[in-house]
Amino acid sequence: MPTYIIQSQWTEQGIRNVKESANRLDLGRKKLKEMGGDIKAFYLTTGPYDMLAIIEVPNDATLAAHLLWLGSQGNLRTQTVKAFTEDEFRGIVGKLP
């Protein structure tokens, strides 16, 4: 399954209700599983982003649906990038002329 890294920032609503954030993470994990995906790792971070999650989803449409659902909750904003595993990296570089 494709891997993505989601960097998140709390909105005013999200930080105001930060004590509920662990429950929100559990709900997000449950929703993603229902969509066929999985959170492989989650981190609370310092710097410009508050959280980082590494997820796997079946396809881009599933990713888009999950991100729209997350955003509609009003607690965070996301920045997402596709990630390639080491094996995928080696395969890509191995195809270079």
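A short tour of the structure in this document, coming up. Keep in mind it's a predicted model, so treat the numbers as computed, not measured. (Residues numbered from 1 in each chain as written. Predicted model: local features only at pLDDT ≥ 70, side-chain atom pairs only at ≥ 80, totals over all residues. Heavy atoms only, no water.)

The topology assignment puts Ser21 in helix 2 (residues 21-34). When the C-alpha atoms of Ser21 and Asn75 are compared, they prove to be 8.8 Å apart, with 54 residues separating the residues in sequence. (Helix = DSSP H or I, 4+ residues; strand = E, 2+ residues; numbered from the N terminus.)

A word on the pattern of salt bridges. The tally for this structure, following the rule as stated, stands at 4 salt bridges. As a salt-bridge pair, Asp38 and Lys40 come within 3.2 Å of each other at their nearest N and O atoms. A salt bridge links Glu56 to Lys40; the shortest N-O distance between them is 3.8 Å. Here Lys40 lies in strand 2 (residues 38-44) and Glu56 lies in strand 3 (residues 51-56), a separation of 16 residues in the sequence. On the basis of relative accessibility, which here comes to 48%, the residue Lys40 falls in the partly exposed class. (Salt bridge = Lys/Arg side-chain N within 4 Å of Asp/Glu carboxyl O. Buried < 20%, exposed > 50% of the residue type's maximum accessible area, 1.4 Å probe, protein only.)

For the rest of this paragraph, the subject is helix 2. When the terminal C-alpha atoms of helix 2 are compared, their 20 Å separation across 14 residues agrees well with the 20 Å that a helix rising 1.5 Å per residue should span. Among the residues trailing helix 2, Gly36 stands out with phi positive, at a value near 95°. (Expected span 1.5 Å × (residues − 1).)

Okay, the sheet that holds strand 2 next. Sheet architecture is open: 4 strands sit in the order 2-3-1-4, paired in antiparallel fashion. Across the chains shown, the open sheet's two edge strands, defined by having one partner strand only, are strand 2 and strand 4 (76-83). Direction aside, the axes of adjacent strands within the sheet are offset by 20° on average. Two strands pair when backbone bridges link them, and strand 1 (residues 3-10) and strand 3 are joined in this way by 6 bridges, in the antiparallel orientation. Residue pairing across strands places Thr3 opposite Glu56, the latter belonging to strand 3. (Pairing = 2+ DSSP bridges. Axes fitted to C-alpha atoms, helices over the stretch in contact; angles between N-to-C directions.)

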